[in-house]
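# Understanding the architecture of this molecule
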Amino acid sequence: MPKITVDGTEYEVPEGKMMLQALDDLGLLLTEIDIPHYCWHPKLSIDGSCRMCQVEVEGTPKLQIACNTPVRDGMVIRTNTEQVRTAQRGVMELLLINHPLDCPICDQAGECKLQDFAVRYGLEHARTRDPRRPAKKGTPLGPTIMLDQERCILCRRCVRFCREIPKTGEIGVFARGDHSLLEVFSGMELDNPYSMNVADICPVGALTTRDFRFKIRVWFLEDRETVCNQCANGCNLYASVAYNKVYRYLPRRNDGVNETWICDYGRMSYRTIRENRLDEPRLGRSTATYSAAIRRAGEGLRQARDSGGRIVGVGSAFAANEDLFVLRQLLDGLSAGPGLLVVPTGKADELLIKEEKAPNAAGARLLGFEESSGPVGPAAVALVLGHALPAEAFEGVETLILIDTHRSPLVERADVVLPARYFAEKVGTFVNHARRIQRFLPVVEPVFECEPEGQVLQRIAVAAGLDGFSGTYDPFEISKRLAEEATAFAGAELGTLDDQGQEIP
Ligand code: SF4
Ligand code: SF4
Ligand code: FES
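Here goes a summary of the coordinates provided. (Residues numbered from 1 in each chain as written. Chains lettered and ligands numbered in written order. Predicted model: local features only at pLDDT ≥ 70, side-chain atom pairs only at ≥ 80, totals over all residues.)

### Structural notes on unusual backbone geometry
The condition that has to hold: By the criteria applied, helices consist of DSSP H or I runs no shorter than four residues and strands consist of E runs no shorter than two, each listed in order from the N terminus. We call a residue exposed when 12 or fewer other C-beta atoms sit within 10 Å of its C-beta, buried when the count reaches 20 or more, and partly exposed for counts in between; the C-beta positions come from the backbone.
Even without glycine at this site, Arg51 takes up a positive phi of about 65°. Locating Arg51 in the fold gives a position in the loop between α1 (19-25) and β3 (54-57). On the basis of neighbour counts, which here come to 18 C-beta atoms within 10 Å, the residue Arg51 falls in the partly exposed class. In this structure, Asn276 is a non-glycine residue whose phi angle is positive, near 60°. With respect to the helices and strands, the residue Asn276 is situated in the loop between α6 (264-268) and β14 (282-283). With 11 C-beta atoms counted inside 10 Å, the residue Asn276 sits in the exposed group.

### Points about the site of ligand 1
Counted only if it meets this: To decide whether a residue is near a molecule or strand, its C-beta atom is placed from the backbone and checked for lying within 6 Å of it. Just so you know the grouping, Ala, Val, Leu, Ile, Met, Phe, Trp, Tyr, Cys and Pro go in nonpolar, Asp, Glu, Lys and Arg go in charged, and all remaining residues, Gly too, go in polar.
Residues in contact with ligand 1 amount to 13 residues; listed here are only the nearest, Cys152, Cys155, Cys158, Cys202 and Ala206. Split into classes, the residues belonging to the shell around ligand 1 amount to 11 nonpolar, no polar and two charged.

### Structural notes on the sheet that holds strand β7 (residues 145-147)
What counts is decided by this rule: Two strands pair if DSSP finds at least two bridges between them.
Pairing is antiparallel in the open sheet, where three strands are placed in the order β6-β7-β10. In the strand order of this sheet, the two ends are held by β6 (139-140) and β10 (207-209), each with one partner. Bridge analysis of β6 against β7 gives two bridges, and the strand direction is antiparallel. Considered in β7, the bridge of Pro140 is made with Met146.

### Description of helix α12 (residues 475-485)
Defined as follows: The arc under discussion is defined with respect to the helix axis, by the directions toward the C-beta atoms. Residues are treated as contacting if the C-beta atoms built from their backbones sit within 7 Å of each other.
Those residues of α12 that sit buried are Pro475, Ile478, Ser479 and Leu482. The buried residues of α12 all sit within an arc of 100° when viewed along its axis, so they share a single face. Each element contacted by the buried residues of α12 is listed here: α8 (321-333), β22 (428-431) and α11 (453-463).

### Structural notes on the packing of α8 against α11
Inclusion rule: Interaxial angle, 0 to 180 degrees, is taken between N-to-C directions of lines fitted to C-alpha atoms, where a helix line uses only the stretch in contact. By the definition adopted for this analysis, an angle is roughly parallel if under 35 degrees, roughly antiparallel if over 145, roughly perpendicular if from 65 to 115, and oblique otherwise. When the near helix sits turned anticlockwise from the far one by under a right angle, the crossing is termed left-handed; a clockwise turn instead gives a right-handed crossing.
The geometry of α8 relative to α11 is characterised by a closest axis approach of 8 Å and an angle of 20° between their N-to-C directions. On the basis of their axis angle, the class for α8 and α11 is roughly parallel. Judged by the sense of rotation from one axis to the other, the crossing of α8 with α11 is left-handed. Along its contact with α8, which presents Glu322, Asp323, Val326, Leu327, Leu330 and Gly333, the element α11 presents Glu453, Gly454, Leu457, Gln458 and Ala461. Classifying every residue of the contact of α8 with α11 gives five nonpolar, three polar and three charged.

### Points about the sheet that holds strand β12 (residues 236-242)
With antiparallel pairing, the three strands of this open sheet are ordered in space as β11-β12-β13. Here the strands that pair on one side only, and so sit at the sheet edges, are β11 (222-227) and β13 (245-251). For this sheet, the mean inter-axis angle between neighbouring strands, taken without regard to orientation, is 35°.

### Quick notes on the site of ligand 2
How we decide: The domain boundaries here were taken from an automatic or database domain assignment.
Close to ligand 2 lie 14 residues; Cys228, Cys231, Cys235, Cys263 and Gly266 are nearest. For the shell around ligand 2, the class distribution of residues is eight nonpolar, five polar and one charged. Counting residues domain by domain, the shell around ligand 2 receives three or more from each of domain 2 (129-273) and domain 3 (282-503).

Put into structure tokens, the structure is as follows:
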């Protein structure tokens, strides 16, 4: 490992890497070592065009760009000398010559690198008197993204993203010199399953998503850690929250899962937190209290067990491992046999999107749930999480107890309906397609009465008179027991998992 010295401190860095990449790999960039940059991105090819990352390298007469200078043993680098600061001021002055400075009406304001670096590295006054170059404002590039050409600093991150990640290449920089402009190729639209990532990587307000634009000023938002629940990849996310409402999802970096990207479908799924929610307990067609519905579910199970009637349990690939563990214990307590599992499927691609359209099919399988897709057969009681099976699958079932987060035709068929907390409203774990166990934390509070599935099941178990159930649900405690009882979960407790998750055997 080569040793380099940056601003007087020695570091061992990976061999053969460029300076910025090597520092980023060690987690030092923008934490301990501040080298401003626009065009460089850790997951894209090097462009070397913005010249913002210039540093002094001992023994080299001219400043070097850190994004395209390989590290070598003994290198001595200085990032904050007068020469470096003068160069950065010069770059900022050029970038701002034609910039419209419409920050008050720009959606990027508050999270804009041009604003941030202008404050830290720029001049206090503009020295130009010429009018700023006009270009297109607020133009759709496709169904998801708007372009403000005047604000573009031509870093080409978005161009490289489209060429290198979805490999669709819809956009480019056209013309030369100070006539250069970002545009879509003639006859094309920016339209691919990952298109909205360009808004995340655009360092300024040139590219914004049509969905989030003008909804809220970003300084009111708090980014809270979560994961996507729309397919088995389990991409890492931030939910941007204000006033108990999620306004958008953003990708959260996890090199073992989604690098720094997410698909548009997953990104837009923040809407499922509020849309079409199952928000009232029911007994048949009538609204009921939560307690009455629990009592009725418990009685149904007790009668079925006492009369030797068949009880069938159906788990959900959307439920947390902790909820599924309680369901399995309840089914064991009723001698009901292993629970069934239905996994929704759809199209996959080679990048992130997986065939299984649920976040925790792998966890449910590890917990002993058996895959099925057909009718559940005649039964006295079916205890069901989620609505992966259609109403017809329960034709021979006398009492259907449904615990679910969203409305579906199954609600009309069910005899007892209990609304549950969605994953965004509780804590738990999912296991993704590659057997990485990942935690999710509550990002909002529910706006109606509902409980986590594990809590509902505990209360039903008590109402059914089963031994060994306390009626209270602590996901951290359940996770500990899960780690003790199921080998695959050993050493992967909710309380010790970090924000990157952990692979399990
Ligand atoms: S639109 Fe944004 S990401 Fe694309 S080149 Fe311009 S500044 Fe860079
Ligand atoms: S690839 Fe899957 S997990 Fe990732 S954002 Fe898309 S739907 Fe969500
Ligand atoms: S980040 Fe190095 S030149 Fe742009």
